[in-house]
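Residue strings, one per chain:
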Amino acid sequence: MKNSFVILLIICTLVMPTGASASAFEPPKYISRGEAVSRIVRFFDLGNREKSFLNDCKGHMEECFFVFGTMSHFDDITYNPLILYPDVSIAYLYYDDINIATMLGLVHGYLEEKNSPFYPRAVTTRIQALKVIFGAAQLLPWKEKFELMAQLGGENNLKKQKSVFRDLNADNEHMWWYFRYLDFALDAGIITNESYFRPDEPVSETEFEYFLERTMKLASKIHR
């Protein structure tokens, strides 16, 4: 056992880059869905930018959330206090920002699941991050599946979508909306063609900040 430990120590010493610190080998930090939404809302100052719309929405809650309510399977939606998801309570740290993002149509949780949860503590995926960031920057609004089908010319064309990324497959039902966002990100230079995008993997804090900064620069040019 002692000899095995010595051999392992020698191997680790040989493979570790010269001058590398322990921090270089720390795992990346990932961001929860709740935190990601909050950071996006604050980064783009949506509370102030959309103040008029949000105030109007708060004055007509049932009308504001009519479409959301018809799509959600959560039967206990209330407007005073505002409870839109079974797992986002008033006490939750990012409660206000998630509600703002929902009012603006940037997020809607997992509507197709039982009780339509938001999963605020689950990690944010790379594709989810791009979706909300592009929406907040007013660069690429969300399209429902029927809207995208109409744009593309039917369900068959929806399933024939192509991408330079090898890990996108239109046969995967949950990926029907991925192509539009990744095509836009690629054309805008926010991401590069590296064969694989890993859309369903967690976005690291470094990647998240990069997406935010690059999108802000693009939005500043377009909305100038």
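Structure: above.
Just so it is clear, the structure is predicted and the values come from calculations on it, not from any experiment. As a convention, each chain's residues are numbered from 1 in the sequence order in which they are written. For a predicted model such as this one, the threshold for reporting local features is a pLDDT of at least 70, and the threshold for listing and counting side-chain atom pairs is 80 or more; totals across whole chains, interfaces and linings nevertheless cover every residue. Heavy atoms throughout the structure, all of them, feed into the side-chain values; hydrogens and water do not.

Asks: How should I be thinking about the layout of surface pockets in this particular structure?
Replies: A probe matching the size of a water molecule, rolled over the atoms, marks out where space remains unfilled. Reported here for the largest pocket is a volume of approximately 630 Å³. Cavities and pockets were defined on a 1 Å grid built from protein atoms only: a cavity is a group of points that admits a 1.4 Å probe but offers it no way out, a pocket is an open group of points flanked by protein on both sides within 12 Å along at least five of seven lines, and a lining residue is one with an atom within 4 Å of any such point. In terms of lining, the largest pocket is formed by 29 residues, of which the most central are His108, Gly109, Tyr110, Gln128 and Trp177. Breaking the lining of the largest pocket down by element, the ones donating at least two residues are helix H2 (33-43) and helix H8 (126-136). Each helix is a run of DSSP H or I of at least 4 residues and each strand a run of E of at least 2, with the numbering of both proceeding from the N terminus. A total of five residues in the lining of the largest pocket trace back to one element, the largest contributor, which is H8. Around the second largest pocket, the lining is made up of 25 residues, and of these Thr102, Leu104, Gly105, Leu106 and Trp142 lie nearest the centre. The greatest single-element share of the lining of the second largest pocket, amounting to three residues, is contributed by helix H6 (residues 66-71). Looking at the lining of the second largest pocket residue by residue, the classes come out as 15 nonpolar, five polar and five charged. Grid points are joined across faces, edges and corners, and a volume is the space filled by probe spheres set on the points. When residues are sorted by character, Ala, Val, Leu, Ile, Met, Phe, Trp, Tyr, Cys and Pro go into the nonpolar class, Asp, Glu, Lys and Arg into the charged class, and all the rest, Gly among them, into the polar class.

Asks: Is there a simple way to explain helix H11 (residues 178-187) in this structure?
Replies: Side chains three or four residues apart in an α-helix point the same way, a direct result of the helix having 3.6 residues per turn. Remark: exposure states derive from per-residue accessible area (1.4 Å probe, protein chains only) relative to the maximum for the residue type, with buried under 20%, exposed over 50%, and partly exposed in between. Regarding H11, the residues found buried are Tyr178, Phe179, Arg180, Tyr181, Leu182 and Ala185. What makes two residues a contact is simply this: any of their non-hydrogen atoms within 4.5 Å. In this fold, the buried residues of H11 make contact with H8 and helix H9 (145-152). The first or second residue beyond H11 is Gly189, which carries a positive phi of 80°.

Asks: Any chance you could explain the state of the cysteines here in plain terms?
Replies: Cysteine pairs can be covalently joined through their sulfur atoms, and such a bond is termed a disulfide. Disulfide: a pair of cysteine sulfur atoms within 2.5 Å of each other. In the structure shown here, the tally under the stated rule is one disulfide. Covalently, Cys57 is tied to Cys64 through a disulfide, its sulfur atoms 1.7 Å apart. Disulfide Cys57-Cys64: torsion about the S-S bond near -85°, hence left-handed. Its relative accessible area of 4% is what places Cys57 among the buried residues.

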